[in-house]
Amino acid sequence: MVSFTATLLKFADQGEKTGWTYLEVPEKISTQLKPGWRKSFRVKGKLDNHAIKAVALFPMGGGGFIMAVNATVRKGIGKRQGAKVAVQLAVDDKPLKLSADLMECLADEPKAIAFFKKLPPSHQHYYSKWIEGAKTEGTKTKRITNVVWAMERGMSYGEMMRALKKEKDDLMG
């Protein structure tokens, strides 16, 4: 477990990361976790006293990484952009469980499942978390449908979201 203090930052206009709140994990810390590693990996630990698990660190060049800090975690620590946070991290090698409902629906679509299986495990998990995070069965069903549709077309998450937004905008206007 490594410990350090970080400041919550926020991306302004930066492609798909626009609006993200995040913290930086300096190279000297990331090399303690995974020496020589330059790809995304998962960590567990605490931000202040708020427990986290299966959170991805993303490489940012120069050996450093960033960790997105979502609204649930920000609420849990009661902090936002500019605040200092006590960080404790360890590598999280626990296998990820994917949404059983998503996998069942993808299994019915050979092209969709083939594309999904080519995605890095962290991307597969991101889709799964998005689906399982739905508050209602209707929303969950809609999200599964959207993911299967996007996988059939070989779309990334960002491409899927932009296509769905365009479709919604076209209907509205």
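In what follows, the accompanying structure is described. Values in this document were obtained by computation on a predicted structure and should not be read as measured data.

## Structural notes on the side chain of Lys140
At step 1: Mapped onto the elements, Lys140 comes out in helix H6 (residues 137-152).
At step 2: By relative accessible area, which is 12% here, Lys140 ends up buried.
At step 3: Only 3.3 Å separates the side chain of Lys140 from the side chain of Glu132, close enough to count as a polar contact.
At step 4: Setting aside residues no more than four positions away along its own chain, Lys140 makes contact with Asp101, Ile131, Glu132 and Ala134.

## Let's talk about the pairing of strand S5 (residues 50-59)
At step 1: Where strand S4 (residues 41-47) and S5 come together, six bridges link them in antiparallel fashion. When the sheet's bridge partners are listed, Phe41 is paired in S5 with Leu57.
At step 2: Where S4 hands over to S5, the hairpin turn is made up of two residues, of which Asp48 adopts a positive phi near 55°.
At step 3: Pairing between S5 and strand S6 (residues 65-68): three bridges, direction antiparallel. Bridge pairing in S6 places Phe58 opposite Ile66.
At step 4: Turn length for the S5-S6 hairpin, with the two strands adjacent in sequence and antiparallel, is five residues, and the turn residue Gly61 shows positive phi of about 85°.

Reading guide: rules and limits
- Residues numbered from 1 in each chain as written.
- Predicted model: local features only at pLDDT ≥ 70, side-chain atom pairs only at ≥ 80, totals over all residues.
- Heavy atoms only, no water.
- Helix = DSSP H or I, 4+ residues; strand = E, 2+ residues; numbered from the N terminus.
- Buried < 20%, exposed > 50% of the residue type's maximum accessible area, 1.4 Å probe, protein only.
- Polar contact = N/O pair within 3.5 Å; in protein donor to acceptor, adjacent residues only side chain to side chain.
- Contact = heavy atoms within 4.5 Å.
- Pairing = 2+ DSSP bridges.

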